[in-house]
Amino acid sequence: MTIYYTEEHEWIRVEGEHATVGISDHAQEQLGDIVFVELPEVGKKLAKGEQAAVVESVKAASEVYAPVGGEVTEVNGALEDKPEIVNEDAEGEGWFFKMKLADPGELEGLMDRDAYEKYVEGLA
Amino acid sequence: MSSPARTPLFDLHLELGARMVAFAGYEMPLRYPAGIIAEHRHCRSRAALFDVSHMGQLRILGEDAAAALEGLVPADIRGLAVGRNRYTMFTNDAGGILDDLIAGREKEGLFLVVNAARKAADIAHLKAALEPACTVEPLEDRALLALQGPAAAEVLARLRPEVDELRFMESGWFELAGARCRVARCGYTGEDGFEISVPADAATELARALLASEEVAPAGLGARDSLRLEAGLCLYGHDLDETTTPVEAGLAWTIGRRRREEGGFPGAEVILRQLREGAPRRLAGLRPEGRVPVREGAEIRLPGGAVIGRVTSGGFGPTVGGPVAMGYLDSAHEAPGTRLEVLVRGRAVPAEVARLPFVPHRYRR
C-alpha cells in the first residue's frame, strides 16, 4: 500500500489497481472548518486532473481533482452528515472516494510523503 | 501593490496564532487556532474579542456638524442627544449607498465609524461637503476593539462598572487600561456588546486585559462575517453598494419621520418615492434546503423558472446549523415562506424566503 500526494493537496492510497482519494491534512488545516463535501457519483469516469469533488469551508468552496484517471467505485457517505470528519482525520476516516485506476502508470510523477512534506514547507 | 497596513494589535494576533489575511488594505486575523465555528459559537455563548481597527474613525467638529451631516445621510442626526448613536448611510443622487456608518453625537460635534474599504472615499466626500464650515478629523491614532457576546457587559464592567449603564446605541468616554476610551454599546454580531475606541498605544494592553477574562476568546474576520450574516446585518460591497437603495436593503427604519417629511439628503426623491410606493426589489433572507452553502453571486429563481434575483451574502451559519443567505429579489416574491430555488454549480437547490435576522438579536435596550 503506497500513498502519493498531488501539488493540489489530494492524497491517493493505492492497493493494486484500486485506490482511495482524499485531501491532505495540510489542506484541511488551510481550509479550516469544513461544512460541506460534494462527492462524485459512483460509476463516474474521471480523467487525471479532472474535477472530482468540491470541499466547502466556512469561507469558500475549493475543487478537488482526480490524482489519476479511473472509475469511482465508492464514496464516503459519512461526509454528507459529518463533513467535519475531514478536519478530524483528513488522511483516514475523512477519505472522499475510492476508484479503480485506469492506468497505474499515471501515478508516476506524484509525490511520496517525504516529497510532499518538503513541497508544503516550500509553500510557507 | 503596497504592502498591507498593520493594526496596533498585529503582534498580539501573531502571538495568539492567528491566520492573517489581507482585507481592505490591512493585514487582519481571519481566524485563530480555535477556528471560525468555535469562535462564532463562543461569541454567541460567552464573549469574543475582535480587532476592528481597520475601520475608519473620525470626528466632525463645528457648531452645525449635525445639520451639515444631514445633507449627506437620511437619518435624523440633529435629533440625536449627546451620547446617542445612529446607524445610517451616505447616499448618492440616485438613492444608492456610498457607505454605511454609525454616527454618534458627542459634546463637541460627531463621532463616525465607517468601513475600512470606504474610509478614504468617505473622508474626501465629507471634506468636500462639510469643510470649511466644519472640520473633518480622521482619528488615525486610535484602535477599535469589539467585545461581543452575552458575557461582554460583565467582563467590561470588571474594568469599569459604569459601562454597564450604557444602553444599546449609547456611548460614553471611560478610562480603560489607563487610557481615555470611547465605549459604544453596539456591534456587528447581533449580540450585546461594545465597540471600544482606544488610543493605539494602549490597545494591546486593553486587549490583553479583556482576554485575561476566562469568558473571552479572540475571534477573527471569518467569525465576524458568519455572525453578522446570521444577524441579518448588511456588509458594504456585498449587500449594499451604489446601486442599492436603503429601502431596497430593508433599511427604511433608519430614516426618521422628520427626514421623510423634509428630505434634504442625496437621492431623497428616489428614496422617498420608494418609501411611499415600495421598491422593485428587496433584500431578503433565504434558507436553502440541505447542507450545501449558497454563496454570493448565486442566481435566485422561481421553482424551475425565471431568475428573480441574486444572492449577495451566503454561507454556513454555525448557530443556525445550516446554510443561510441574503439576496435581492423581485419584491413580488419577498414574503417569508415563499418557495424559491438558488443555483449552486448549475444545480437548483430549493430555498425558502426567511425572516431576518436568522438568529434573534439580543441587544440590551
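**Q** For this particular structure, what's the right way to read the overall build of chain B?
**A** From N to C terminus, chain B includes nine helices and 19 strands. Compactness check: chain B gives a C-alpha radius of gyration of 20 Å against a globular reference of 21 Å for 365 residues, within 12% of the reference. For chain B, the spread of C-alpha atoms along the three principal axes comes to 60 × 50 × 45 Å. Looking at the 365 residues of chain B, the share that counts as buried comes to 58%. Pairs at least 24 residues apart make up 66% of the contacts formed inside chain B by residues separated by at least 6 positions. Just so you have it, chain B exposes about 14,800 Å², and 49% of that area is on carbon and sulfur atoms. If you average the places of the 45 positive and of the 49 negative side-chain charges in chain B, the two averages end up 5 Å apart.

**Q** What should I look at first to understand the state of the cysteines in this one?
**A** Disulfide: a covalent bond formed between the sulfur atoms of two cysteine residues. Evaluation of the coordinates by the stated rule reveals zero disulfides over all chains. A disulfide-free cysteine, C234 of chain B has its sulfur positioned 16 Å from the sulfur of C186 of chain B, the nearest such atom.

**Q** What is the right way to read the sheet that holds strand β17 (residues 322-330) of chain B from this model?
**A** Within a sheet, adjacent strands bond to each other through the backbone by hydrogen bonds, running parallel or antiparallel. Residue and element names in this part refer to chain B. Strand order in the closed barrel formed by six strands is β14-β17-β16-β15-β18-β19, with antiparallel pairing between adjacent strands. Geometrically, the sheet is characterised by an average inter-axis angle of 40° between neighbouring strands, direction not taken into account. Bridge count between strand β14 (residues 281-288) and strand β19 (residues 347-354): four bridges; the pairing is antiparallel. Looking at the pairing, R287 lines up with E352 of β19. Along the sheet, helix α7 (residues 221-230) contacts β16 (307-317) and β17; its crossing angle with β16, the most-contacted strand, is approximately 125°.

**Q** Any chance you could explain the sheet that holds strand β7 (residues 61-65) of chain A here in plain terms?
**A** Residues and elements named next belong to chain A. If you walk across this open sheet you meet the three strands as β4-β6-β7, and the pairing is antiparallel. If you trace the sheet from one side to the other, it starts and ends with β4 (34-38) and β7, each paired once. With strand direction ignored, the average angle separating the axes of adjacent strands in the sheet is 25°. As defined by bridge partners, strand β6 (residues 51-57) adjoins β7 across five bridges and the pair is classed as antiparallel. For A53, the partnering residue across the bridge sits in β7 and is V64.

**Q** Just checking my understanding: could you explain the domain arrangement of chain B for this structure?
**A** Many structure descriptions define interface size as the accessible area lost when the parts assemble. Residues and elements named next belong to chain B. According to the domain assignment, chain B consists of domain 1 (10-55 + 140-230) and domain 2 (280-365). Each of domain 1 and domain 2 was reduced to a C-alpha centroid, and the two centroids are 29 Å apart. Listed as interface residues are 17 residues of domain 1 and, on the opposing side, 19 residues of domain 2. Roughly 1,700 Å² of surface becomes buried between domain 1 and domain 2 when both sides are summed, with 52% attributable to carbon and sulfur atoms. In terms of surface lost to domain 2, no three residues of domain 1 exceed F168, L229 and E230, which account for 41% of the buried area on that side. The residue D164 makes a salt bridge to R364 at a minimum N-O spacing of 3.0 Å. Scanning the region where domain 1 abuts domain 2 turns up 15 residue pairs in polar contact (both at pLDDT 80 or more). Only α2 (36-45) and α7 provide two or more residues apiece to the side of domain 1 that touches domain 2.

**Q** Looking at this structure, I do not really get the pattern of salt bridges. What am I missing?
**A** If the charged atoms of two oppositely charged side chains come close together, the side chains can form a pair. Residue and element names in this part refer to chain B. If you walk through the whole model with that rule in mind, you get 39 salt bridges over all chains. A salt bridge links R44 to E191; the nearest nitrogen and oxygen atoms lie 3.0 Å apart. A residue pair is termed long-range when its members are at least 10 positions apart, and R44 in helix α2 and E191 in the loop between β11 (179-184) and β12 (193-199) qualify at 147 residues. Like E191, R44 is buried.

**Q** Please explain the packing of helix α5 (residues 152-159) of chain B against helix α6 (residues 203-211) of chain B as it appears in this structure.
**A** The geometry of a pair of packed helices is captured by two quantities: the angle between their axes and the separation between those axes. All names here are of chain B. Packing of α5 against α6 leaves a shortest axis separation of 10 Å and a crossing angle of 120°. On the basis of their axis angle, the class for α5 and α6 is oblique. Where α5 crosses over α6, the two elements pack in a sense that is right-handed. Taking contact as the criterion, the partners of V155, L156 and L159 in α5 are, on α6, L206, A209 and L210. Grouping the amino acids of the contact of α5 with α6 by side-chain chemistry returns six nonpolar, no polar and no charged.

**Q** Hey, could you run me through the interface of chain B and chain A in this one?
**A** With 16 residues of chain B at the contact, the number on the chain A side is 18 residues. Contact between chain B and chain A buries roughly 1,500 Å² in total, counting both sides, with carbon and sulfur atoms accounting for 46%. Looking only at chain B, the three residues that lose the most surface to chain A are R291, R295 and R345 of chain B, adding up to 41% of its buried area. Linking chain B with chain A are five salt bridges. The salt bridge involving E38 of chain A is made with R345 of chain B; its shortest N-O contact spans 3.0 Å.

**Q** Honestly, the pairing of β14 of chain B in this entry has me stumped. Any pointers?
**A** Of the pairings in the sheet, the one linking β14 of chain B to β17 of chain B comprises six bridges and is antiparallel in character. In the strand pairing of β17 of chain B, R282 of chain B is matched with L329 of chain B.

**Q** For this particular structure, what's the right way to read the side chain of T20 of chain A?
**A** Along the chain, the position of T20 of chain A falls in strand β3 (residues 18-23). For T20 of chain A, the contacting residues outside a window of four places in its chain are W11, I12, R13, W95, F97 and K98 of chain A.

Calculation notes
- Counting starts from 1 at the beginning of each chain's written sequence and moves along it residue by residue.
- Here chains are named by letter from A upward and ligands by number from 1 upward, in the order in which they appear as written.
- For this predicted model, a pLDDT threshold of at least 70 governs which residues receive local features, and a threshold of 80 or more governs which side-chain atom pairs are given and counted, while totals over whole chains, interfaces and linings are taken from all residues.
- Based on all heavy atoms of the structure, the side-chain values leave hydrogens and waters out of the count.
- By the criteria applied, helices consist of DSSP H or I runs no shorter than four residues and strands consist of E runs no shorter than two, each listed in order from the N terminus.
- It is over C-alpha atoms that the radius of gyration is taken, and the globule rule equals 2.2 Å times the number of residues to the power 0.38.
- Note on classification: 1.4 Å probe, protein chains only; a residue is buried when its accessible area is under 20% of the maximum for its type, exposed when over 50%, partly exposed between these limits.
- Any two residues whose heavy atoms approach within 4.5 Å are treated as being in contact.
- Here the open area of atoms and residues is found with the Shrake-Rupley method and a 1.4 Å probe, where only the protein chains shown may cover a residue.
- In this tally Asp and Glu are treated as negative and Lys and Arg as positive; neither His nor the chain ends contributes.
- Note that the charge is assigned to NZ on lysines, CZ on arginines, CG on aspartates and CD on glutamates.
- When two cysteine sulfur atoms are found within 2.5 Å, that pair is recorded as a disulfide.
- Only strands that DSSP links by at least two bridges are regarded as paired with each other.
- Angles shown run from 0 to 180 degrees and are taken between the N-to-C directions of axes, each axis being a line fitted to C-alpha atoms and, for helices, limited to the stretch in contact.
- Delimitation of the domains relies on an automatic or database domain assignment.
- Summed over both partners, the accessible area (1.4 Å probe) lost when two parts come together is defined as the buried area.
- Here, a salt bridge means any side-chain nitrogen of Lys or Arg that lies within 4 Å of a carboxyl oxygen of Asp or Glu.
- Each polar contact in these results corresponds to two N or O atoms within 3.5 Å; when the atoms are within protein, one needs to be able to donate a hydrogen and the other to accept it, and residues that are neighboring in sequence are counted only if both atoms are side-chain atoms.
- Oblique is the label for any angle not covered by the other classes, which are roughly parallel (under 35 degrees), roughly antiparallel (over 145) and roughly perpendicular (65 to 115).
- In this scheme, a crossing is called left-handed if the near helix is turned counterclockwise away from the far one by less than a right angle; it is called right-handed if the turn is clockwise.
- Here the term charged refers only to Asp, Glu, Lys and Arg, the term nonpolar to Ala, Val, Leu, Ile, Met, Phe, Trp, Tyr, Cys and Pro, and the term polar to all other amino acids, Gly among them.

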